[in-house]
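Overview (structure and organization)
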Amino acid sequence: MNNANFKFHNDVEIPKIGFGTWQIPNDEAFDSVTMALKNGYTHIDTALAYQNEENVGKAIKAFDISREDVFITSKLPAQIKGFEETLKAFDETITNLDVDYLDLYLIHAPWPWDDMGKDCTEGNIQSWKAMEQLYNEGKIKAIGVSNFEIKDIQALLDNCDIVPMANQIPFYVGRDQEDLLAFCKEHNIVVEAYSPLATGELLNNDDIKTLADKYEVTPAQLLIRYCLERDTLPLPKSTHEERIIQNKEVDFEISEEDMKQLMQMEDVRK
Ligand code: A2P
């Protein structure tokens, strides 16, 4: 396996750092994604709910890179549950992006955002079966979930055929979710870390700044490296080129002792 990639349980590889596009408006998405591609990102993460798929797709098309060399993730909106509904939403996504296939398609959340915690087990199972069908037809190279807890994943394991290949969760220093991490590891599910910088809230933390200085990196680089050290796949988001570049330059190692210290930190967003 290429050292710059993680490998899913179906042997499909995914670049270890992805460019997150959550909160990048459609009119800024073209420039941001172009900057990311220009600076060597080959993994772009979007979602129908982000309302920027159209310009994410246009940027990829306009850039001098072939489709097979870019890894594209999108997501089934959290409120859409059910077999036919999922097929329809998938069509909308590939039309928006103007692509023939997706590399990874995720159920965005186990429940609608305006009714977090609602039990949608049956709907998730039906959506998953639709995603299995799309996967078997070759329209998606890998399928997964997002914001799923252990019980949500377990319901798919108990009722469906394909074990999710990825679970994309909020993950950053102070929010490790050890049980979920261990469960995913046990089932060979790659954990993707969204908000690796705690949406920016960890960047001014004194402990993070001190450690970053020690490694002669920026707080963002330390936080992104932390995700990789924990075998999770960071999806940093930025609209500034110098940051986009910086967030990919994380070729250093955090010592075991410093990792221990980081793993003991409290969640700054609680
Ligand atoms: P901006 O888009 O203006 O660059 P997360 O990835 O955890 O969601 O965090 C994203 C936030 O962190 C955004 O506000 C983004 O701002 C900011 N950000 C991303 N990369 C960096 C960086 N290298 N240095 C400082 N701030 C950053």
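Reading guide: rules and limits
Residues numbered from 1 in each chain as written. Predicted model: local features only at pLDDT ≥ 70, side-chain atom pairs only at ≥ 80, totals over all residues. Heavy atoms only, no water. Helix = DSSP H or I, 4+ residues; strand = E, 2+ residues; numbered from the N terminus. Rg over C-alpha atoms; globule rule 2.2 N^0.38 Å. Buried < 20%, exposed > 50% of the residue type's maximum accessible area, 1.4 Å probe, protein only. Contact = heavy atoms within 4.5 Å. Areas by Shrake-Rupley, 256 points an atom, 1.4 Å probe, with all protein chains shown as cover. Lys, Arg positive; Asp, Glu negative; His and termini not counted. Charge placed at Lys NZ, Arg CZ, Asp CG, Glu CD. Near = heavy atom within 4 Å. Polar contact = N/O pair within 3.5 Å; in protein donor to acceptor, adjacent residues only side chain to side chain. Axes fitted to C-alpha atoms, helices over the stretch in contact; angles between N-to-C directions. Parallel < 35°, antiparallel > 145°, perpendicular 65-115°, else oblique. Left-handed = near helix turned anticlockwise from the far one by under 90°. Nonpolar A, V, L, I, M, F, W, Y, C, P; charged D, E, K, R; others polar. Pairing = 2+ DSSP bridges.

1. Focus: the overall build of the protein
- Scanning the protein for helices and strands turns up 10 helices and 10 strands.
- The globule rule puts the C-alpha radius of gyration for 270 residues at 18 Å, and the 18 Å found for the protein is close to it.
- Summarising its shape, the C-alpha atoms of the protein cover approximately 55 × 40 × 40 Å along the three principal directions.
- In the protein, buried positions account for 54% of the 270 residues.
- Within the protein, contacts between residues separated by at least 24 positions form 73% of all contacts whose residues are at least 6 apart in sequence.
- Accessible area for the protein stands at about 12500 Å²; split by element, carbon and sulfur atoms hold 44% of it.
- Charge separation in the protein, taken as the distance between the mean sites of 26 positive and 50 negative side-chain charges, equals 1 Å.

2. What to know about the site of the ligand
- Inspection of the region around the ligand gives 16 residues, with Leu197, Thr199, Ser238, Arg243 and Gln246 positioned closest.
- The separation between an oxygen atom of the ligand and a polar main-chain atom of Leu197 is 2.8 Å.
- The side chain of Asn247 places a nitrogen or oxygen atom 2.9 Å from a nitrogen atom of the ligand.
- Compared with its free state, where it exposes 570 Å², the ligand has 83% of that area covered by protein.

3. Thoughts on the packing of helix H7 (residues 206-214) against helix H10 (residues 256-263)
- One way to put it is that H7 packs onto H10 with a least axis distance of 12 Å and a crossing angle of 165°. As the angle between them shows, H7 and H10 are arranged roughly antiparallel. Here H7 runs over H10; the crossing is left-handed. Where H7 abuts H10, its residues Asp207, Ile208, Leu211 and Lys214 lie against Asp258, Gln261 and Leu262.
- Split by residue class, the contact of H7 with H10 holds three nonpolar, one polar and three charged.

4. Regarding the pairing of strand E10 (residues 232-235)
- Because side chains alternate across E10, one face comprises the buried residues Thr232 and Pro234, and the other comprises Leu233 and Leu235, equally buried.
- For strand E9 (residues 190-194) and E10, the ladder comprises four bridges, and the chain directions are parallel. Bridge pairing in E10 places Tyr194 opposite Leu235.

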